[in-house]
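Descriptive structure summary
Chain by chain, the residues:
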Amino acid sequence: MMILLDTSIVITGIPHIQADLGLGATALSWVQSIYTLFFGGFLLLGARIGDRLGGQQALRTGLVIFMIMSLAIALAKTAAWLLIARAGQGIGAAIIAPAALTLLATNFEQGEARNRAVAWYGSTAGIGAALGLVLGGWLADAVSWRAGFLLNLPVGALMLVASSRYLRKDKPAAGHLDSLGAILSTMGIGSLIFGVSQTAETGWTSTVTLTSLAAGTLLIAVFIWHEARTRSPLVPLHLFCHRRRMGAYIARFLFLGPMVGFFFFGSQFMQGVLGYSSMQAGLGFMPMTACAFAAPFIGPRLIRRFGDDAVMIGGLLTIFFGMAWLSFIDAGASYWASIALPMVLIGTGQGFSLAPMTAVGISDTTREEAGAASGLVNVAHQVGASFGLGLLASIATAAGQGHASTTEALVAGTRAVFTFGSGMLLLAAIVGGLLIRRRKSAIATDAAVGI
């Protein structure tokens, strides 16, 4: 939740950051992009660091880095200072995220206990993102944009204490660190995220975008070739041979773009068309947050009764209907009828679908593989979010061209984003669902052993 809070706090604080530090348009866009770039790029390395240190120690290490960089951001005097610290935050987050998920896999047995824990873990996505928009807008207006980053210090300190008291210390995994694999994966994923993040400014056919995407693809191909030959791979390739885990990764990749687009363009619509303030726009997401918070109480029961595949597909289809509803939005939209009610569907669907996607993504792994599987879940998350948002931003720009006013362009772009996002969610439900679905033989085996 701390990582997600920091992501959305920046969205509502950007105008204040620009005014305070005098940032130009390019530097301003990098305030968010550089965090995403380093977060996504270092995820597989961060996961492997977690294996080497043990989950508890990796979490604590990541927290310390994140806290120090948060303080540096709060004290930033120049654009360069701010961007370097944001990059450092991304590295800290790249260690925290897979470590947290690995700890769920190692501290809770697969089945009911883990389903309940992962449901709470998944619910923090919607809660953290929406809460960050509210806190960011309120703190930026009432105190300072810097206050949002200072929040990480007491929260991080509390987690350091709690991690020592409540998390059991696990033994580090044996083996050496695959240095070449770490370099290739970091540069490859980083190049892909960089290329996609530039599409909003340069387009998909620019030299920068095409070169970055081509370089990223080549580096990932070399990384896979190297991983197949090294004795201690950063990511054991047999993890990709598990049909259900692959379904969870694909579904997550397709799911993230529409969800990030929902927050980004939904916030823009409420502020640019309905005239809401930053804080009001953040509060506008509360129907979704309330439903996401309620999901952990119901989700595990549904999974126990109907299976994780059925709950995931049902959740994704529920989000699809909510997003499709939003695609009819216009300048005269009523908040309660046109925004709040679809948000109820989106929040409910997210709460039900994210938990089984996460649980299946780390399922059937050994202690030595838990970190790598957690890293892949987070890579699918970050790359899906970056790719999806870049694609949707391009669609919004194209749909908004030729309109007489900024408001009309924003409405047209928002409708196009929600329409295309609905299609991505439907594809996630179909493709992910087909792969994640249990075969009859597996269902019979689970029933026999009481799962």
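Attention here is on the structure that accompanies the text. All values derive from a computational prediction rather than experimental measurement. (Residues numbered from 1 in each chain as written. Predicted model: local features only at pLDDT ≥ 70, side-chain atom pairs only at ≥ 80, totals over all residues. Heavy atoms only, no water.)

Right, let's talk about a nonpolar patch on the surface for a bit. A contiguous nonpolar patch, built from Leu71, Leu75, Trp81 and Leu150 and spanning about 340 Å² of accessible area, is present on the exposed surface. Tracing the chain through its elements places Leu150 in helix α7 (residues 145-150). By relative accessible area, Leu150 is classed as partly exposed at 37%. (Patch = residues over 30% accessible without salt bridge, like charges linked within 9 Å, V, L, I, M, F, W, Y side chains within 5 Å. Areas by Shrake-Rupley, 256 points an atom, 1.4 Å probe, with all protein chains shown as cover. Salt bridge = Lys/Arg side-chain N within 4 Å of Asp/Glu carboxyl O. Helix = DSSP H or I, 4+ residues; strand = E, 2+ residues; numbered from the N terminus. Buried < 20%, exposed > 50% of the residue type's maximum accessible area, 1.4 Å probe, protein only.)

The next point concerns the packing of aromatic side chains. Applying the stated criterion to the full structure yields 14 aromatic pairs. Seen from their ring centres, Phe263 and Phe285 are 5.1 Å apart, and the 35° between their planes marks the pair as tilted. One end of the pair, Phe263, is in helix α12 (residues 243-272); the other, Phe285, is in the loop between α13 (278-283) and α14 (286-306), with 22 residues separating them in the sequence. With 6.4 Å between their ring centres and 50° between their planes, Tyr276 and Tyr335 make a pair best called tilted. Taken together, the residues span a long stretch of sequence, with Tyr276 in the loop between α12 and α13 and Tyr335 in helix α16 (residues 335-361) at a distance of 59 residues. Each member of the aromatic cluster is reached from another via a ring pair, and the members are Trp204, Phe253 and Phe387. Here the basic side chain of Arg86 rests over the ring of Tyr35, its NZ or CZ set 4.3 Å away from the ring centre. (Phe/Tyr/Trp six-rings, centres within 6.5 Å; stacked < 30°, edge-to-face > 60°. Lys NZ or Arg CZ within 6 Å of the ring centre and 35° of its normal.)

Below, the discussion takes up the side chain of Gln56. You can see Gln56 is positioned in helix α4 (residues 55-74). Overall, Gln56 belongs to the buried group, its relative accessible area being 7%. Look past the residues within four positions of Gln56 in its chain and what remains in contact with it is Leu103, Ser163, Ser164, Leu167, Arg168, Lys169 and Asp170. (Contact = heavy atoms within 4.5 Å.)

Its 19 residues give helix α9 (residues 179-197) an end-to-end C-alpha distance of 27 Å, which sits within 8% of 27 Å, the value for a rise of 1.5 Å per residue. Within α9, burial applies to Gly181, Ala182, Leu184, Ser185, Thr186, Gly188, Ile189, Gly190, Ser191, Ile193, Gly195 and Val196. (Expected span 1.5 Å × (residues − 1).)

Attention shifts here to the packing of helix α15 (residues 308-326) against helix α18 (residues 406-436). Between α15 and α18, the least distance of the axes is 8 Å, while the angle of their chain directions is 170°. Judged by the inter-axis angle, α15 sits roughly antiparallel to α18. Residues Asp309, Met312, Ile313, Leu316, Leu317, Ile319, Phe320, Met323, Ala324 and Leu326 of α15 pack against Phe418, Gly421, Ser422, Leu425, Leu426, Ala428, Ala429, Gly432, Gly433 and Ile436 of α18. Residues belonging to the contact of α15 with α18 are distributed by class as follows: 15 nonpolar, four polar and one charged. (Axes fitted to C-alpha atoms, helices over the stretch in contact; angles between N-to-C directions. Parallel < 35°, antiparallel > 145°, perpendicular 65-115°, else oblique. Nonpolar A, V, L, I, M, F, W, Y, C, P; charged D, E, K, R; others polar.)

Attention now goes to empty space enclosed by the protein. Evaluation of the coordinates by the stated rule reveals two cavities of 30 Å³ or more. Space inside the largest cavity adds up to approximately 50 Å³. Looking at the largest cavity, the residues that line it are Phe262, Gly266, Phe269, Met270, Leu326, Ile329, Ile339, Met343, Thr414 and Phe418. Those elements that place two or more of their residues in the lining of the largest cavity are α12, α16 and α18. Residue contributions to the lining of the largest cavity peak at four residues, all from α12. (1 Å grid on protein atoms, 1.4 Å probe; cavity = no way out; pocket = protein on both sides within 12 Å on 5 of 7 lines; lining within 4 Å. Points joined across faces, edges and corners; volume = space filled by probe spheres on them.)

Before going further, it helps to examine the pattern of salt bridges. Taken as a whole and assessed by the stated rule, the structure comprises five salt bridges. With its nearest N and O atoms 2.9 Å apart, the salt bridge here joins Arg146 to Asp20. Of this pair, Arg146 sits in helix α7 while Asp20 sits in helix α1 (residues 2-21), and the two are 126 residues apart along the sequence. Taking relative accessible area as the criterion, Asp20 reaches 41% and is therefore assigned partly exposed. Arg116 is the salt-bridge partner of Glu112, the closest N and O atoms lying 3.2 Å from each other. One end of the pair, Glu112, and the other, Arg116, are both in helix α6 (residues 112-142), four residues apart, so they sit about a helical turn from each other. Under the relative-accessibility criterion, Arg116 is labelled partly exposed at 40%. A single salt-bridge network, built from bridges that share partners, covers Glu112, Arg116 and Arg304.

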